[in-house]
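Commentary on secondary and tertiary structure
Listed below are the residues making up each chain.
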Amino acid sequence: MKCLLVASESAEVLFYWTDPEFHIRVQEQYGPTSDDGEGPQHAFEDRINTLFAPIIISCSTMVDRLRESYTTFCTESNDIYVLHQFEECLYIAVNGDGEENEDDLRRKIFVIKKLTEVMFGMVTLSSTLLRKELRPQDTEQRRALWRRLQGLLETYSRLREQDQSFLVEAVERLIHPTLCEQCIEFLERRLVQQLNSSAERAGEEVQHAFILVHTKLLAFYSSRNASTLSSSDLLTLMLMVQHLHPSNPEIDDSSPEDIQDTTADPEVFYTPEPSPPEHPAVELGRTDMEAPMFQFVDPDIQMAEDSLQTLQMNPPDPATPTRVFLETTLKEGFFPMMPHSMYSLPLWPGITLVLITKIPSSQVAMSIYHFLETVAKLEKRLKDGQEGAVPQRGHTPIQDLRSKMDKFIRVLGNNEIQTSLLQKAWAEFKAKAFSRGGPGLSRQLVPYCRNLHTQLCGVFRQCFVSGSCSTQRLSPSLQDRALTMVQDKLLDWKDFLLVKSKRNITMVSYLEEFPGLVHFIYVDRAAGQMIAPSLNMTERASSELGKGPLAQYIKSKVWSLVGTARRYLQKGYTTVTQRDGDYYLCYFLWFENETGYKLEVVDIPSPPDSAPIGMLAWDYYRKLLRYYSKSHSSEVVKCYELFTMHLGVIPSDYVLQHCSQLARKLWEPSRIPLL
C-alpha cells in the first residue's frame, strides 16, 4: 500500500500517486469516487486532500511556531510517513505494506523532485510558478501531466526492483569493446556529423547521441563543444526513455536458445502444389500466389503483443521531442538546468537511439540563470545585514546586474505579458535600489528581490516550458534518416544485443578463479558506471542461479546488502562485512588515483539526514569526490565500490582476499572509454 503526495502549504494537492491498494483503502474510508465532477460524490483528488489535510496543516504549524518540521513518523497500524519540505511545497511518501523503509520513501521523494527539475527547469526555483505548473487550471492538461509523472514514478519503482543499475544508481554498459568502439565511431563520424550539417535541423545542434539496449548503454558520443552529461542526468534520461518505450520482459527475457526476431513477420506455411495435371490447360487461370496457406503465430508472443498494445494507448508523436533541462558546464560557468530537446527513436523493441540537442535560444537561459544567481546572492546579503549605499562608480556586481538586465529586457522586447511583468518588476527594483531618495541596499529591498526572482523564472517558463516552445525541432524526415542509418549499422547485431543485454556478464567466467563467489557489483563512482553479473528471473528466462525460490532469495540478499551498505556509509563507514545465514556479504568503498594506486582512507563526511545516498536524485558521490580531492589537489581522484556475496563456508580470510583480487581484475575493463 503506497502513496506519494505533493501539496502546497495551504493543503492544495499539486500531484499525487497511489497504488491500487491505497486507492481501495481511500474508497473504503470515504466511499466510492467519481472523476466526472457530477453528482454528490467528490473526485478522488478531494478524498486525498481530505485524508492528508490534517498532516499538512500540522506540519505548517510546526514550521511557523517552532521552526521545525516532521521528517518521519509511524502510525499504530505501522504505516510509515516520510515528509520533506522543498521551499513552499511539501512532499509526503507513505508505505503501509512493509515493502519500503524510510530510506526508500525518502529516495522516492528526491526522485520525483529530480524529475520535476528535468521537466520544468528553472521554474522549480519559484514555488509560485511550480505550483501553477504542477496543477494547470485546465483539468485535461492536469490529468495528462499527472499521468505522465505517475508513469515515470511507476517506471522508476519497477526498474529499481528489477535492474541492478537503478539499484546502485550507476550506468551499466554492454561489455563488447569491438562493437562499442565501432558504434562510437559511427555516431561521431557519420550520424552526428550529418545531422549537424543538415539544413533541416531548425537551428538545433546534436550534442549527445547514445544507443540503449533496454537499460544498458551500448555506445555514447558527445560532440567536442558539448558539456559533459552528468551521471544523474543520464540515468534520468534512461528512466524517461524506459517510460516512453517500456521493455516487455515476457518477450525480451528470452534465452539464447529460443531468441528470435519478434519484429519479423510470423511464419507462413504453404500447402504444396498438387502434381501437375495431365492437361495443363485446365489450370491456366491459377497463379502461385493463390496457393492456400495458413499462418502460425506463437500464442505467447501474440498474448504479449496484445498486452503491449493495451499499455500503449494513445502513444505520443515520435517526431515530437521531449524538452529536458540538464546540467551544463561551459567556459562561462556552471548552469544547472539548461534547456535541451530529447529525441527517443526506437530502432527495434528494446533498442533505442537517443539524441540530445542544444536549442538555438539557450543563451537566453544562461542569462536568466546568471540574473537569478546574482539576485539570490544579493537577497542573502541583505538578510545577513550587509546593507549600504549602491556604489556610483566601479565595476561591482550590482552595477553589472543593472547594465546587463537593462540590455536583456531591451533584447526581449515587451510583446509578451511575462516580459512586461519582468520590466515592471525591474523598474520597481531600480527605483528602490538606485534612486537617490531610495533606501539603497537595505532589507527593504528583499521583497523586490523576490518579485524580480519570480518574474525571471516566469520569463524562463514562457520561453522554454510553455507549449509554444516546441515549434523548432529536427524535421521528421531527418529523424527518419537517422533512424535508418543506425538500423542499417546494427541490423546484423540486433538479436545478439537483445541476448547480450540479459547475459552481459556471467558468473561462470569468475568461478574458477573465485570459488564460492555467488554475486558481485563493482561501481566506478567517478565515471558513474557499474559492472555486475546478470540477475534476470522471469517466467521465460532465468539467470545462472536458475528459477524459483533460490534465485529470488539470492536477489533479495543482494538488494538487502545494498541497503545495508548505504545505511553504514551514511554513518561514515566505508567497509561492511556481514554473515547472513549461509552467505558472507561484504561492501567496500575506496579511493585511487589515475594509475590505480590506492589512496589512504580518511574520515568521510556524513550526508545531510534528508538526502539519500546515490547518484540519480542527489549526487552524493560527486560531493564526496570533491571533499576527498581537497587533500589531493595534484592528482585525479577516483572512487570505487564493491559489493560481494560468498558462500558462508568460505573462510573470511579467503573472502577478503577474493575481494581484493576481484577489484584488481575488474579495474582494467572499467577503463574502456565510453563516456
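Rules behind the numbers
Residue positions are given per chain, counted from 1 along the sequence in the order it is written. Restriction of local features to residues with pLDDT of at least 70 applies here, the model being predicted, together with a cutoff of 80 or more for giving and counting side-chain atom pairs; totals for whole chains, interfaces and linings are based on all residues. With hydrogens and water excluded, all non-hydrogen atoms of the structure serve as input to the side-chain values. Under the scheme used here, helices are H or I runs from DSSP no shorter than 4 residues and strands are E runs no shorter than 2 residues, and both carry numbers assigned from the N terminus. Only protein chains enter the calculation, and the probe is 1.4 Å; a residue is then buried if its accessible area is under 20% of its type maximum, exposed if over 50%, and partly exposed in between. Note on areas: Shrake-Rupley, 1.4 Å probe, and residue coverage restricted to the protein chains presented here. DSSP calls a pair of strands paired once it identifies at least 2 bridges connecting them. With axes taken as lines fitted to C-alpha atoms, and helix axes fitted only over the stretch in contact, angles between N-to-C directions fall between 0 and 180 degrees. The contact definition used throughout considers only heavy atoms, calling two residues in contact when any of these lie within 4.5 Å. What we call a nonpolar core is a set of buried Ala, Val, Leu, Ile, Met, Phe, Trp, Tyr and Cys residues that are connected through their side-chain atoms within 4.5 Å. To estimate how far a helix should reach, multiply one less than its number of residues by 1.5 Å. By convention in these notes, a salt bridge is any Lys or Arg side-chain nitrogen within 4 Å of a carboxyl oxygen on Asp or Glu. Every residue carries a pLDDT, the predictor's confidence in it, which falls somewhere between 0 and 100. Stacked, tilted and edge-to-face are the three classes assigned to paired rings of Phe, Tyr and Trp, where Trp is represented by its six-membered ring and a pair needs centres within 6.5 Å; plane angles under 30 degrees give stacked, over 60 edge-to-face, the rest tilted. Counting rule for disulfides: a pair of cysteine sulfur atoms within 2.5 Å. In protein, a polar contact means a hydrogen-donor-capable atom and an acceptor-capable atom, both N or O and within 3.5 Å, with residues adjacent in sequence counting only if both atoms are side-chain atoms; elsewhere, any N or O pair within 3.5 Å suffices. Site definitions follow a grid-based scheme: protein atoms alone, a 1 Å grid, a 1.4 Å probe that fits but cannot get out for cavities, and for pockets an open set with protein on both sides within 12 Å along at least five of seven lines, plus lining residues having an atom within 4 Å of a point. Grid points are joined across faces, edges and corners, and a volume is the space filled by probe spheres set on the points. For this classification, the nonpolar set comprises Ala, Val, Leu, Ile, Met, Phe, Trp, Tyr, Cys and Pro, the charged set comprises Asp, Glu, Lys and Arg, and every other residue, Gly included, is treated as polar.

Per an unreviewed UniProt entry, the protein carries the name Hermansky-Pudlak syndrome 1 protein isoform X2 and comes from Clupea harengus.

Of regular secondary structure, the protein possesses 20 helices and 18 strands. Counting over 675 residues, the protein shows a buried share of 50%. On the protein, roughly 33100 Å² of surface is accessible, and the fraction owed to carbon and sulfur atoms is 51%.

With that settled, consider the sheet that holds strand S18 (residues 638-647). Strand order in the open sheet formed by 11 strands is S11-S12-S13-S7-S8-S6-S15-S14-S18-S17-S16, and the pairing between neighbours is mixed. The open sheet has two edge strands, strand S11 (322-330) and strand S16 (575-580), and neither has a second partner. The sheet shows a mean angle of 30 degrees between the axes of neighbouring strands, taken without regard to direction. Pairing of strand S7 (residues 205-213) with strand S13 (residues 351-358) involves 8 bridges; the strand directions are antiparallel. Residue pairing across strands places Ala209 opposite Leu355, the latter belonging to S13. Across the sheet, helix H7 (residues 177-196) touches S7, strand S8 (216-222) and S13, and the angle it forms with S8 is around 45 degrees.

It is worth spelling out the nonpolar core at this point. Of all hydrophobic cores here, the largest spans 109 residues; its most connected members are Phe52, Ile92 and Phe429. Once residues lying within four places of it in the same chain are set aside, the contact partners of Phe52 are Cys3, Leu5, Phe22, Tyr81, Ile92 and Val94.

With that settled, consider helix H18 (residues 549-570). For H18, with 22 residues, the first-to-last C-alpha span of 32 Å sits near the 32 Å given by 1.5 Å per residue. At the C-terminal side of H18, Gly572 shows a positive phi close to 105 degrees.

Looking now at the environment of Thr352. With respect to the helices, strands and loops of the structure, Thr352 is situated in strand S13. Dropping the residues within four chain positions of it, Thr352 is found in contact with Phe210, Ile211, Leu212, Val241, His245, Ser344, Leu345, Pro346 and Leu347.

A few words now on the pattern of salt bridges. When the charged atoms of two side chains lie near each other, side chains of opposite charge can form a pair. Counted by the stated rule, this structure contains 29 salt bridges. A salt bridge links Glu172 to Lys216; the shortest N-O distance between them is 3.8 Å. Taken together, the residues span a long stretch of sequence, with Glu172 in strand S6 (residues 171-173) and Lys216 in strand S8 at a distance of 44 residues. In this structure, Glu172 and Lys216 share a single accessibility class: buried.

What follows concerns the confidence of the model for the protein. Low pLDDT means the predicted atomic positions in that stretch should not be read closely. Looking at the protein as a whole, its pLDDT mean stands at 83, while 81% of the residues score no less than 70. The model gives residues 669-675 a pLDDT under 50, and that stretch makes 20 contacts with residues more than four places away or in other chains.

For the rest of this paragraph, the subject is the side chain of Ser231. With respect to the secondary-structure elements, Ser231 resides in helix H8 (residues 231-244). The class of Ser231 is buried, set by a relative accessible area of 14%. When sequence neighbours within four positions are dropped, the list of residues in contact with Ser231 reads Ala527, Gly528 and Met615.

The next point concerns the packing of aromatic side chains. Applying the stated criterion across every chain, the model contains 26 aromatic pairs. Ring plane angle 20 degrees and centroid distance 6.4 Å describe the contact between Phe22 and Phe52, whose orientation is recorded as stacked. Linking Phe22 in helix H1 (residues 20-30) with Phe52 in helix H2 (residues 44-66), this pair joins segments that are 30 residues apart in sequence. Take Phe22: its relative accessible area is 2%, and that puts it in the buried class.

So, about the state of the cysteines. Any covalent bond linking the sulfur atoms of two cysteines counts as a disulfide. In the structure shown here, the tally under the stated rule is 0 disulfides. Free of any disulfide, Cys586 has its nearest neighbouring cysteine sulfur in Cys659, separated by 4.4 Å. On the basis of relative accessibility, which here comes to 0%, the residue Cys586 falls in the buried class.

Turning our eyes to something else, we now look at the sheet that holds strand S5 (residues 89-95). Sheet architecture is open: 5 strands sit in the order S2-S1-S5-S4-S3, paired in antiparallel fashion. Taken across any chain shown, the strands that pair with only one partner, and hence form the sheet edges, are strand S2 (13-18) and strand S3 (72-74). The mean inter-strand angle of the sheet, taken between neighbouring strand axes irrespective of direction, is 10 degrees. As defined by bridge partners, strand S1 (residues 2-8) adjoins S5 across 7 bridges and the pair is classed as antiparallel. Counterpart to Ala7 in the pairing with S5 is Leu90. Against the sheet, H2 contacts S1, S2, S3, strand S4 (80-86) and S5, and its axis sits at roughly 110 degrees relative to S2. Sitting on the sheet, helix H5 (residues 139-162) touches S1 and S2, and the angle it makes with S2 is about 45 degrees.

In this fold, Asp79 is placed in the loop between S3 and S4. You can call Asp79 buried: its relative accessible area is 3%. Excluding anything up to four places from it in sequence, Asp79 contacts Met1, Arg25, Phe73, Cys74, Asn95 and Gly96.

It is worth spelling out helix H3 (residues 102-120) at this point. An ideal rise of 1.5 Å per residue puts 27 Å on 19 residues; H3 measures up with 27 Å between its terminal C-alpha atoms. For H3, the buried fraction is high: 17 of the 19 residues fall into the buried class. At the N-terminal boundary of H3, the capping side chain belongs to Asn101, with an oxygen 3.1 Å from the backbone nitrogen of Asp103. Where H3 terminates, the next one or two residues include Gly121, which has phi positive at roughly 65 degrees.

A positive phi angle is found at Glu87, which is not glycine, with a value near 55 degrees. Within the secondary structure, Glu87 is located in the loop between S4 and S5. Non-glycine residue His214 carries a positive phi angle of around 60 degrees. Structurally, the position occupied by His214 is in the loop between S7 and S8.

With that settled, consider the layout of surface pockets. Considering only enclosed or pocket space, the second largest pocket measures out at about 1300 Å³ in volume. Forming the walls of the second largest pocket are 37 residues, and the residues nearest its centre are Glu87, Lys113, Glu117, Thr124 and Leu125. Within the residue set of the lining of the second largest pocket, elements represented by two or more residues are H3, helix H4 (127-134), H8, S11, strand S12 (333-348), helix H11 (362-383), helix H14 (446-465) and helix H19 (620-629). Take the lining of the second largest pocket: its biggest share by element is 6 residues, from H11. Looking at side-chain class alone, the lining of the second largest pocket contains 15 nonpolar, 7 polar and 15 charged residues.

Moving on, we get to the pairing of S2. Counted residue by residue, S2 has 6 buried out of 6 residues, so it is predominantly covered. Bridge analysis of S1 against S2 gives 5 bridges, and the strand direction is antiparallel. Its bridge partner lying in S2, Val6 is registered against Phe15. Between S1 and the antiparallel strand that follows it, S2, lie 4 residues; Ala11 among them carries a positive phi value of about 70 degrees.

Helix packing for two helices is described by the angle between their axes and how far apart those axes are. Where H4 meets H14, the axes come as close as 9 Å, and the angle between the chain directions of the two elements is 35 degrees. Across the interface between the two elements, Leu129, Lys132 and Glu133 of H4 pack against Thr454, Cys457, Gly458, Arg461 and Val465 of H14. Its residues assigned to classes, the contact of H4 with H14 comprises 3 nonpolar, 2 polar and 3 charged.

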